[in-house]
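Listed below, chain by chain, are the residues.
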Amino acid sequence: MASYKELPRTAQIRLVSSHQEVYEPCDDSFALVDALLADRNNLLEHHPTLCMEIGCGSGYVITSLALILGQEASGINYIATDINPHAVKVTRETLEAHGVGAELIVTDIASGLEERLTGLVDVMVVNPPYVPTPEDEVGVHGITSSWAGGENGRSVIDRILPVADRLLSEKGWLYMVTLTANNPSEICNQMRKKGYASKIVVQRSTEEESLHIIKFWRDLDKEVNESDQSASGFIGSLFALGPLLSYWRGTTSKQKQQK
Amino acid sequence: MRLLTHNMLSSNIKGVVNGFPLRIEAEKVVEKTVEMNGEFLKKMFEKIDWKAFVDASWAMGYTELPEEADSSMLDSDEFLNRFHHALLELHLEEGALVCPETGRRFPVNKGIPNMLLHEDEV
Ligand SMILES: C[S@@+](CC[C@H](N)C(=O)[O-])C[C@H]1O[C@@H](n2cnc3c(N)ncnc32)[C@H](O)[C@@H]1O
């Protein structure tokens, strides 16, 4: 038992495996793991049974989650998918190097799991390909698919959200990385319509990008009807972040003008 | 791939109606001992399709599971041990998962099933 205490709390970069076609842990990966650490006590009290990552890349995030929450003895099983077969192999090596395990599947988002895994996932983590790119770069093989997100970087995100809604259990939580260019307030609005509340767990600006890790959970008490969607009140209460908020609104209206 | 995962996987080929369960072709099965958690097993028992689970365990060379099970059996340590072993400790390392409707094989290498579809299957 003594050795258990000495385990690192998150994955260690020197133990993370790599491959030229696989996304290396980067600011977005670190921000997502920081969000999980920041929410660690809540996660432990949440007692998840099944945790899942979509787009596991190097395995840095799912390995960290397993180290943070514990494995079979804690009654937790992990599943991770990636569309890139190299990434899934690298994830397996990263997990093994840390002495933890997860069930791995090469698939598009959660294809093949959507029937039987419905309503079973208590914690889902996603660092999606979110960079705005031409649409034809999305989903092509190899490393490009790790970042190419199509128009507003939303192509893959918008396919993941309904799957997340389907797979999450009643008490399920989703942690997702978004970029300002993805229009996160609009993503939250969209999830709101499906009955989810949301909050920003970590916000980080780097030289190139401004990242938000958003946590979504089912807000069972507040079934939303369309008329409640007065965006300003909703966004105002959700993101009590003045400058950021106005920036988002700025982007939204700019995009509207463009259309 | 554990049998827990096998129990959650279906054939995802477009147009397939009865894609569950995938038939297991086992070339290499490995066993990895993990700690047992009774609560986890009880929760999973309700979600598992037992018939698919038993058939899968046979395909993996493990024949100790009862053909039928109900939740009262969860009080038996012997049952829990077998359930735990088959659900979490047996891993399909090399082989394939076969779509029950079309016969399409999804390869499993290094314990990882590849469910990616060809263009004409999506
Ligand atoms: C930004 S990287 C994140 C990798 C890793 N989770 C991390 O945080 O470092 C996005 C990952 O999503 C994967 N991906 C892209 N499109 C996908 C899809 N349709 N289904 C599953 N995975 C996908 C990519 O291959 C890549 O590994």
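What this report covers is the structure whose coordinates are included nearby. (Residues numbered from 1 in each chain as written. Chains lettered and ligands numbered in written order. Predicted model: local features only at pLDDT ≥ 70, side-chain atom pairs only at ≥ 80, totals over all residues. Heavy atoms only, no water.)

1. Digging into the interface of chain A and chain B
Line of reasoning, step 1. Contacts between chain A and chain B engage 27 residues on the former and 29 residues on the latter.
Line of reasoning, step 2. Taking both sides of the interface into account, the surface hidden between chain A and chain B amounts to around 2,400 Å²; carbon and sulfur atoms contribute 59%.
Line of reasoning, step 3. The three residues of chain A that bury the most area against chain B are Glu72(A), Glu103(A) and Arg116(A), which together make up 28% of that side's buried surface.
Line of reasoning, step 4. Remark: the boundary between chain A and chain B carries 2 salt bridges.
Line of reasoning, step 5. Note that Arg92(A) is salt-bridged to Glu93(B), the shortest N-O span being 2.9 Å. (Contact = heavy atoms within 4.5 Å. Buried area = accessible area lost by both parts, 1.4 Å probe. Salt bridge = Lys/Arg side-chain N within 4 Å of Asp/Glu carboxyl O.)

2. Brief notes about the nonpolar core
Line of reasoning, step 1. One finds Met52(A), Leu117(A), Met124(A), Leu174(A), Phe83(B) and Leu87(B) to be the most contacted residues of the largest nonpolar core, which totals 103 residues.
Line of reasoning, step 2. When residues in this core are grouped by element, the largest group, 8 residues, is from helix α4 (residues 60–69) of chain A.
Line of reasoning, step 3. Excluding its chain neighbours within four sequence positions, the residues that come into contact with Leu174(A) are Met124(A), Val126(A), Leu161(A), Ala164(A), Leu168(A), Met191(A), Ile214(A), Lys215(A) and Phe216(A). (Core = buried A, V, L, I, M, F, W, Y, C linked by side-chain atoms within 4.5 Å. Buried < 20%, exposed > 50% of the residue type's maximum accessible area, 1.4 Å probe, protein only. Helix = DSSP H or I, 4+ residues; strand = E, 2+ residues; numbered from the N terminus.)

3. Brief notes about the site of the ligand
Residue and element names in this part refer to chain A.
Line of reasoning, step 1. Every one of the 19 residues lining the ligand counts as a neighbour, but Ser-29, Asp-82, Asp-108, Ile-109 and Asn-127 are closest to it.
Line of reasoning, step 2. A distance of 3.5 Å is found between a nitrogen atom of the ligand and a backbone nitrogen or oxygen belonging to Cys-56.
Line of reasoning, step 3. About the coverage of the ligand: the protein hides 97% of its 590 Å² of free accessible area.
Line of reasoning, step 4. Of the residues belonging to the shell around the ligand, the class tally is 7 nonpolar, 8 polar and 4 charged. (Near = heavy atom within 4 Å. Polar contact = N/O pair within 3.5 Å; in protein donor to acceptor, adjacent residues only side chain to side chain. Areas by Shrake-Rupley, 256 points an atom, 1.4 Å probe, with all protein chains shown as cover. Nonpolar A, V, L, I, M, F, W, Y, C, P; charged D, E, K, R; others polar.)

4. Some details on the packing of aromatic side chains
Residues and elements named next belong to chain A.
Line of reasoning, step 1. Summed over the entire model, instances satisfying the criterion amount to 9 aromatic pairs over all chains.
Line of reasoning, step 2. A ring pair is formed by Phe-30 and Tyr-60, whose centres lie 5.3 Å apart and whose planes are at 85 degrees; its orientation type is edge-to-face. Highlighted residues: Phe-30 in helix α2 (residues 27–38) and Tyr-60 in helix α4, separated in sequence by 30 residues.
Line of reasoning, step 3. According to the relative accessible area criterion, Phe-30 is partly exposed, its value standing at 27%. (Phe/Tyr/Trp six-rings, centres within 6.5 Å; stacked < 30°, edge-to-face > 60°.)

5. A word on the side chain of Glu89(B)
Residue and element names in this part refer to chain B.
Line of reasoning, step 1. Along the chain, the position of Glu-89 falls in helix α4 (residues 77–89).
Line of reasoning, step 2. Only 2.9 Å separates the side chain of Glu-89 from the backbone nitrogen of Val-34, close enough to count as a polar contact.
Line of reasoning, step 3. Of note is the side chain of Glu-89, whose polar atom sits 2.8 Å from the side chain of His-85.
Line of reasoning, step 4. The residues touching Glu-89, leaving out its near neighbours within four places in the chain, are Val-30, Glu-31, Lys-32, Thr-33, Val-34 and His-84.

6. Some thoughts on the packing of α4(A) against helix α5 (residues 85–97) of chain A
All names here are of chain A.
Line of reasoning, step 1. Interhelical geometry of α4 versus α5 gives an angle of 30 degrees and a closest axis separation of 9 Å. If you check the angle between α4 and α5, you find them roughly parallel. Here the hand of the crossing between α4 and α5 comes out right-handed. For the pair α4 and α5, contact is made by Tyr-60, Ile-62 and Thr-63 and by Thr-91, Thr-94 and Leu-95, respectively.
Line of reasoning, step 2. Of the residues assigned to the contact of α4 with α5, the class counts are 3 nonpolar, 3 polar and no charged. (Axes fitted to C-alpha atoms, helices over the stretch in contact; angles between N-to-C directions. Parallel < 35°, antiparallel > 145°, perpendicular 65-115°, else oblique. Left-handed = near helix turned anticlockwise from the far one by under 90°.)

7. Notes on the pattern of salt bridges
Line of reasoning, step 1. Applying the stated criterion across every chain yields a total of 16 salt bridges over all chains.
Line of reasoning, step 2. For the salt bridge of Arg166(A) with Glu115(A), the shortest nitrogen-to-oxygen distance reads 3.6 Å. Of this pair, Arg166(A) sits in helix α6 (residues 155–167) while Glu115(A) is found in the loop between β3 (103–106) and β4 (121–126), placing the two residues 51 residues apart along the sequence.
Line of reasoning, step 3. For Glu115(A), a relative accessible area of 56% corresponds to the exposed category.
Line of reasoning, step 4. The residue Arg82(B) makes a salt bridge to Glu64(B) at a minimum N-O spacing of 3.9 Å. Here Glu64(B) lies in the loop between α3 (50–59) and α4 and Arg82(B) lies in helix α4, a separation of 18 residues in the sequence.
Line of reasoning, step 5. For Arg82(B), a relative accessible area of 27% corresponds to the partly exposed category.

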